[in-house]
Amino acid sequence: MDTQPILSLIREEALQAAESARAQALERAKVIREESLRSSARMFESAKEDAAHEAEQAQDRLRRLRELEDRKYALSARRELIGKAFDEALRKLHVLPQGEMAELMLSLIAANAQGDESLAAGDINDDFYTQAFIQKANQRLTELGRPGRLVDAGGRVSGCCGIVLRSLESQTYCTVEALMESGREGLEQKAAALLFGNEAS
């Protein structure tokens with residue numbers, strides 16, 4: 001019996017199976033390679049988007065830092081101008097005529113005195129401070145419905161211009177220095193609010 005045809009058939013089927021397996025392997029490799037390329041492309045695009053987003057955030061942070069520095073500089077310049085203006089105003093208040101200084105101090109006393117304190121004048125531009133001035137202060141307090149029992153404490157308060165109200169519990173500075181300082185703080189706060197908004201608080 002001739003077995004050659006059978007062997008040839010088996011060999012041919014084996015070759016076909018091998019070729020089919022090879023083709024399938026190549027196809028799988030192609031699919032894997034294409035998927036790998038697509039995955040790499042997606043990762044590359046994602047990395048580009050992340051890098052662009054981070055760069056945009058960095059630029060935004062730098063922009064905000066520059067704006068903050070600009071506003072800080074503007075606030076510093078404004079404070080310097082305010083300081084110069086108030087220093088000049090204080091210099092002028094230190095040399096007010098006696099009548100004007102007396103009227104200013106009477107107004108501050110009326111706004112701050114309870115009526116039974118002792119008074120001490122500062123040692124700058126104190127010519128206004130006389131017994132007649134104390135009498136006027138008491139009269140004004142009486143007109144406002146408060147006791148008019150202010151008395152002279154004696155002596156002078158060094159380094160200020162105006163009146164210091166003294167009681168057992170406290171003392172209140174009715175001086176041009178205190179007046180200027182409170183006004184300066186208010187202007188600086190307004191300047192900060194204008195430049196920084198809610199950040200200024």
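What you are looking at is a predicted structure, and each value in this text was computed from that prediction instead of being measured.

What exactly am I supposed to notice about the packing of aromatic side chains here?
Aromatic ring pairs are described here by two measures, namely the spacing of the ring centres and the angle between the planes. For the structure on display, the rule yields 3 aromatic pairs. Look at Phe 128 and Phe 133: their rings are 5.1 Å apart centre to centre, the planes differ by 80 degrees, and that puts the pair in the edge-to-face class. The residues Phe 128 and Phe 133 share a single accessibility class, namely buried. When the ring of Tyr 129 is compared with that of Phe 133, the centres are 6.1 Å apart and the planes differ by 55 degrees; the resulting orientation is tilted. Among the residues examined, Tyr 129 registers a relative accessible area of 9% and is labelled buried. Judged by its relative accessible area of 3%, Phe 133 falls in the buried class. The structure contains a cluster of three or more aromatic residues connected by ring pairs, namely Phe 128, Tyr 129 and Phe 133.

Explain the pattern of salt bridges here, please?
Two side chains of opposite charge can pair, provided their charged atoms sit close to one another. Taken as a whole, this structure holds 4 salt bridges when the rule is applied. Notably, a salt bridge pairs Arg 63 with Glu 67, separated by 3.0 Å at the nearest N-O pair. Pair noted here: Arg 63 and Glu 67 are both in helix α1 (residues 4–93), with a separation of 4 residues, about one helical turn. Here Asp 126 ties to Arg 156 by a salt bridge, and the two come within 2.7 Å at their closest N and O atoms. Taken together, the positions of Asp 126 in the loop between β1 (118–122) and α3 (131–143) and Arg 156 in strand β2 (residues 151–157) put the pair 30 residues apart, joining distant regions of the chain.

Just checking my understanding: could you explain the environment of Gly 154 for this structure?
With respect to the helices and strands, the residue Gly 154 is situated in strand β2. Residues Gly 154 and Ala 120, spaced 34 residues apart in sequence, show a C-alpha to C-alpha distance of 6.2 Å.

When you look at the pairing of β2 in this model, what are you seeing that I'm missing?
Successive side chains on a regular strand alternate, one facing one side of the sheet and the next facing the other. Here β1 runs beside β2; their pairing, made up of 4 bridges, is parallel. Note that in β2 the partner of Gly 122 across the bridge is Val 157. Handedness of the crossover joining β1 and β2 through α3 is recorded here as right-handed.

Is there a simple way to explain α3 in this structure?
An α-helical turn contains 3.6 residues, so any two residues separated by three or four positions project in the same direction. Its 13 residues place the ends of α3 19 Å apart at the C-alpha level, agreeing with the 18 Å of an ideal helix rising 1.5 Å per residue. Listed as buried for α3 are Phe 133, Ile 134, Ala 137, Asn 138 and Leu 141. Around the axis of α3, the buried residues are gathered within 135 degrees of arc, so they sit on the same side. Residues of α3 that are exposed and point more than 90 degrees away from the buried face comprise Gln 135, Lys 136 and Glu 143. In this structure, the buried side of α3 is in contact with α2 (98–112), β1, β2 and β3 (162–166).

Looking at this structure, how should I read the packing of α2 against α3?
Packed helices, taken two at a time, are described by their axes: the angle between them and the distance between them. For the pair α2 and α3, the least separation of the axes is 10 Å and the interaxial angle reads 40 degrees. Viewed along their axes, α2 and α3 adopt a mutual orientation that is oblique. The crossing of α2 and α3 is right-handed. Listed contacts from α3 to Ala 102, Glu 103, Met 105, Leu 106, Ser 107, Ile 109 and Ala 110 of α2 are Phe 133, Lys 136, Ala 137, Arg 140 and Leu 141.

Would you take a moment to explain the nonpolar core for this structure?
Among soluble globular proteins, nonpolar side chains are generally buried collectively. Among the nonpolar cores identified, the biggest contains 27 residues, and Met 105, Ile 109, Phe 128, Tyr 129, Phe 133 and Ile 163 are the most heavily contacted of them. Those elements giving two or more residues to this core turn out to be α1, α2, β1, α3, β3 and α4 (176–196). With 6 residues, α2 is the largest single contributor of residues to this core. The contact partners of Ile 163, leaving out residues within four places of it in the chain, are Met 105, Ile 109, Leu 119, Ala 120, Ala 121, Phe 128, Tyr 129, Phe 133, Thr 172, Tyr 173, Cys 174 and Thr 175.

Just checking my understanding: could you explain the sheet that holds β2 for this structure?
Working definition: the strands of a sheet are paired by backbone hydrogen bonds and lie parallel or antiparallel to each other. The sheet built from 4 strands is open, its strands ordered β2-β1-β3-β4 with mixed pairing. In the strand order of this sheet, the two ends are held by β2 and β4 (171–175), each with one partner. Each adjacent strand pair in this sheet contributes to an overall mean axis angle of 25 degrees, direction not counted. Where β1 and β3 come together, 4 bridges link them in antiparallel fashion. Bridging from a neighbouring strand, Ser 118 pairs with Arg 166 of β3. On top of the sheet, α2 reaches β3 and β4; it is set at about 150 degrees to β4, its chief contact.

What counts, and where the lines are drawn
Residues numbered from 1 in each chain as written. Predicted model: local features only at pLDDT ≥ 70, side-chain atom pairs only at ≥ 80, totals over all residues. Heavy atoms only, no water. Phe/Tyr/Trp six-rings, centres within 6.5 Å; stacked < 30°, edge-to-face > 60°. Buried < 20%, exposed > 50% of the residue type's maximum accessible area, 1.4 Å probe, protein only. Salt bridge = Lys/Arg side-chain N within 4 Å of Asp/Glu carboxyl O. Helix = DSSP H or I, 4+ residues; strand = E, 2+ residues; numbered from the N terminus. Pairing = 2+ DSSP bridges. Right-handed = clockwise from strand over helix to strand, strands pointing away. Expected span 1.5 Å × (residues − 1). Arc of directions from axis to C-beta. Contact = heavy atoms within 4.5 Å. Axes fitted to C-alpha atoms, helices over the stretch in contact; angles between N-to-C directions. Parallel < 35°, antiparallel > 145°, perpendicular 65-115°, else oblique. Left-handed = near helix turned anticlockwise from the far one by under 90°. Core = buried A, V, L, I, M, F, W, Y, C linked by side-chain atoms within 4.5 Å.

This is a description of form; function is not addressed.
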